[in-house]
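Chains, contacts and geometry: an overview
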Amino acid sequence: MQKSTAHIETLCVHAGHAPDAATAAISPPIHLSTTFERDADGGYPKGFSYARAANPNRTQLETCLAALEGGSEALAFSSGVAAAMTVFQALKPGDHVICTQDAYHGVQRLLREVLQPWQLRVSFVDAADADAVRKALTPVTQLIWVETPSNPLLRITDLAAIAEIARRAHALTVCDNTFATPVLQRPFDYGMDFIMHSATKYLGGHSDVLGGAIVARTASAFSERLRLLQSEAGAVPSPFDCWLLLRGAATLHLRVRAQTENAVRIAGFLAEHQAVENVFYPGLESHPGHALAKQQMRGFGAMLSFTLRGGAAAAMRVVANAKLFIRATSLGGVESLIEHRASMEGPDTKTPGNLVRVSVGVEHAGDLIADLDQALAAL
Ligand code: PLP
């Protein structure tokens, strides 16, 4: 696929979108057909044969995602975890994976509870410490998985340093770019090989569709294997899911920038509040990854966490007191969400009990701050 030189704002609106060739409709028709007519000589005149292998709505979405990330191709999945699973399934038993220790807890659980029993070897290390990653390499390390900013402590990993370590070790790299989105972070510019997304979050943007994606920087034997697994393992999104994700992508740049502006203001408010022990937001100068985030990102994103001086009970109360923020897990939608993260992650969590995570939406920043103010005042 030819890479586009257009700006991200233009790509959000136009990549993968085109008036429908059959009807001139501006909004793409949803193609529910599971199968496609063959030529009399057995060919597939429009390139589609069976919907698990490819579907017009999925092709439009994949074209859009590849363009947004500046990759050679994208593969869409039924969820972010299905996308991650496909990457790990493309490895062999006995291969070794280095995964950042604060990757999304569901990805860690997938590695521990599903893939280690299938003989994948996994080391969890702090990828914000490039030396720790280097030390964890083994002769059979095939893949390094990073997530930056990470979940829920918003730690920042040096993508160029990790890509260099992997290149020397002949290992592949994957960056979970869910929190930053292609609007704020371009992992391929730093040498990452693959980008993964939970499209459920900012790409969809409205908390109404599950989806996942892998984008390849360049075509390779590994990307071909991913394409094979997409079709043969079959964790594919429905045509309507693809339609919703393509629709969401059109406003991605507007939402992410508005949400980021709100998050900067909220982080500033929380950092000054007496009841708050610590704010985890890379936009704050006090954040250990601030300088790196400033260099590696085009904005600090709309996710932040904070801990309460009053411990876990105070964290639970702040969440309970929220009126405008909605008490729910997940992130990236237009509505602001708040959650007590440790109780959501379960008994094996390493997240501090006094931590509250928020996904900042597109509401007015003043209203969001007023809500947090009253929730904290009622402690
Ligand atoms: N990666 C990150 C950073 C996430 O936050 C999530 C979900 O919360 C996932 C991956 C998994 O995505 P999904 O829930 O779409 O399977």
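The text that follows walks through the structure, step by step, so that each part is easy to find. The structure presented is a predicted model; accordingly, all values stated were derived computationally and were not measured.

1. A closer look at the environment of Arg 309
Its place among the elements puts Arg 309 in the loop between strand E9 (303-308) and helix H12 (311-321). In sequence terms Arg 309 and Glu 277 are 32 residues apart; their C-alpha atoms lie 4.9 Å from each other. Apart from residues lying up to four places away in sequence, Arg 309 is in contact with Gln 274, Ala 275, Val 276 and Glu 277.

2. As for the nonpolar core
Residues Leu 68, Ile 266, Leu 270, Leu 304, Phe 306, Leu 308 and Ile 338 are the most contacted members of the largest nonpolar core, which totals 69 residues. The biggest single contributor to this core is helix H10 (residues 252-271), with 7 residues. If you count residues domain by domain, this core takes at least three from each of domain 1 (8-249) and domain 2 (253-377). Leu 75, Ala 103, Leu 111 and Ala 216 belong to the second largest nonpolar core, which has 28 residues in total.

3. Describing unusual backbone geometry
Omega for the peptide link from Thr 148 to Pro 149 comes to -5 degrees, which places this bond in the cis form. Summarising the element assignment, Pro 149 is placed in the loop between strand E4 (141-147) and helix H6 (159-169). Asn 151 connects to Pro 152 through a cis peptide bond whose omega is 5 degrees. Tracing the backbone shows Pro 152 in the loop between E4 and H6. Although it is not a glycine, His 170 sits at a positive phi angle of roughly 60 degrees. Position of His 170 among the secondary structure elements: in the loop between H6 and strand E5 (172-176).

4. Section: the packing of helix H2 (residues 56-69) against helix H9 (residues 239-249)
Their axes nearest at 8 Å, the elements H2 and H9 cross at an angle of 35 degrees. Note that H2 runs across H9; the crossing there is left-handed. Of H9, the residues touching H2 (which contributes Asn 57, Arg 58, Gln 60, Leu 61, Cys 64 and Leu 68) are Pro 239, Cys 242, Trp 243, Leu 245, Leu 246 and Ala 249. Residue composition of the contact of H2 with H9, grouped by class: 9 nonpolar, 2 polar and 1 charged.

Quick notes on the rules
Residues numbered from 1 in each chain as written. Predicted model: local features only at pLDDT ≥ 70, side-chain atom pairs only at ≥ 80, totals over all residues. Heavy atoms only, no water. Helix = DSSP H or I, 4+ residues; strand = E, 2+ residues; numbered from the N terminus. Contact = heavy atoms within 4.5 Å. Core = buried A, V, L, I, M, F, W, Y, C linked by side-chain atoms within 4.5 Å. Buried < 20%, exposed > 50% of the residue type's maximum accessible area, 1.4 Å probe, protein only. Domains from an automatic or database assignment. Axes fitted to C-alpha atoms, helices over the stretch in contact; angles between N-to-C directions. Left-handed = near helix turned anticlockwise from the far one by under 90°. Nonpolar A, V, L, I, M, F, W, Y, C, P; charged D, E, K, R; others polar.

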